[in-house]
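In case you want the letters, here they are:
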Amino acid sequence: MIALIARFFSRNSRILSVPFDFNAQPVRLCGQWPQRPYPVEVSVYGYCQMACSYCFANRNRDAFDRELHPKNTTPTMLRRRDRALADDLDPIGFFLRERYPVVFSNTTDPFQREEKRYRASEAFLAWAQANRVPVYLQTRGNVLYEEFERYAPLLDAGRVVVYLSVCQMDDAIRHRHEPGAMAIEKRWELAERLTAHGVPVIAACNPWV
């Protein structure tokens, strides 16, 4: 068994050399529209460091072609968005120009710890603010809570809604099932900060644990 593991890592040394993964499709149509109000999803990070035990994105890392794409960085996301805006035949561009809500993000958390290194979420939120694009922001909160003053100016009242997933009230259970997420108590504190800032908050029991 040890020999097999050693052989795997020797053949896949690139996996060890890449500190983080970016999404293969950082800007894409959301297949759930029109059942859901957001036709476009922006998901800048590939793997999600929340490591939730129940999450399809974390447990099935090839879902939606999300493999290691170290070259697919924030500039790639920005170029894809700008190309869509300039193309009259691109449905993503249509929804962005018409200011339909963008879900940010439905597969990986935009405020996981690597945001402090790459600031891809900050770049997208700044663009959305400049273009008055509505944002439906789904997160466990980590970096948004820790650096709230940095991100609060990008979260306009009336344009941004924040969806906080709170799956259980027992933080010991949370630590077992969501080891990368911040404590439940801090999520409530984040909700208070956001509402005081004028940003609506959805506290969702999703999924049930």
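Up top is the structure.
Quick notes on the rules
- Residues numbered from 1 in each chain as written.
- Predicted model: local features only at pLDDT ≥ 70, side-chain atom pairs only at ≥ 80, totals over all residues.
- Heavy atoms only, no water.
- Salt bridge = Lys/Arg side-chain N within 4 Å of Asp/Glu carboxyl O.
- Helix = DSSP H or I, 4+ residues; strand = E, 2+ residues; numbered from the N terminus.
- Buried < 20%, exposed > 50% of the residue type's maximum accessible area, 1.4 Å probe, protein only.
- Pairing = 2+ DSSP bridges.
- Axes fitted to C-alpha atoms, helices over the stretch in contact; angles between N-to-C directions.

Engineer: Help me understand the pattern of salt bridges, please; the structure alone is not making it clear to me.
Structural biologist: Any two side chains of opposite charge can pair if their charged atoms end up close together. Counting across every chain of the model gives 11 salt bridges. For Glu146, the salt bridge identified is with Lys116, shortest N-O distance 2.6 Å. Of the two residues, Glu146 sits in helix 8 (residues 142-146) while Lys116 sits in helix 6 (residues 115-118), which places them 30 residues apart along the sequence. Under the relative-accessibility criterion, Lys116 is labelled partly exposed at 40%.

Engineer: Explain the sheet that holds strand 5 (residues 160-165) here, please?
Structural biologist: Strand pairing in a sheet takes place through backbone hydrogen bonds and is either antiparallel or parallel in direction. What the 6 strands build is an open sheet, ordered 1-2-3-4-5-6; its pairing is mixed. Every interior strand has two partners, whereas the edge strands, strand 1 (27-29) and strand 6 (201-204), have only one. The average angle at which neighbouring strand axes cross in this sheet is 20°, direction not considered. Of the strand pairs in this sheet, strand 3 (residues 102-104) and strand 4 (residues 135-139) are connected by 3 bridges, and their pairing is parallel.

Engineer: Any chance you could explain the pairing of strand 4 here in plain terms?
Structural biologist: Within a regular strand, side chains alternate between the sheet's two faces. Across the 5 residues of strand 4, 5 count as buried, placing the element largely inside the fold. When strand 4 meets strand 5, the two strands line up parallel, connected through 5 bridges. Across the sheet, residue Leu137 finds its bridge partner in strand 5, namely Val162.

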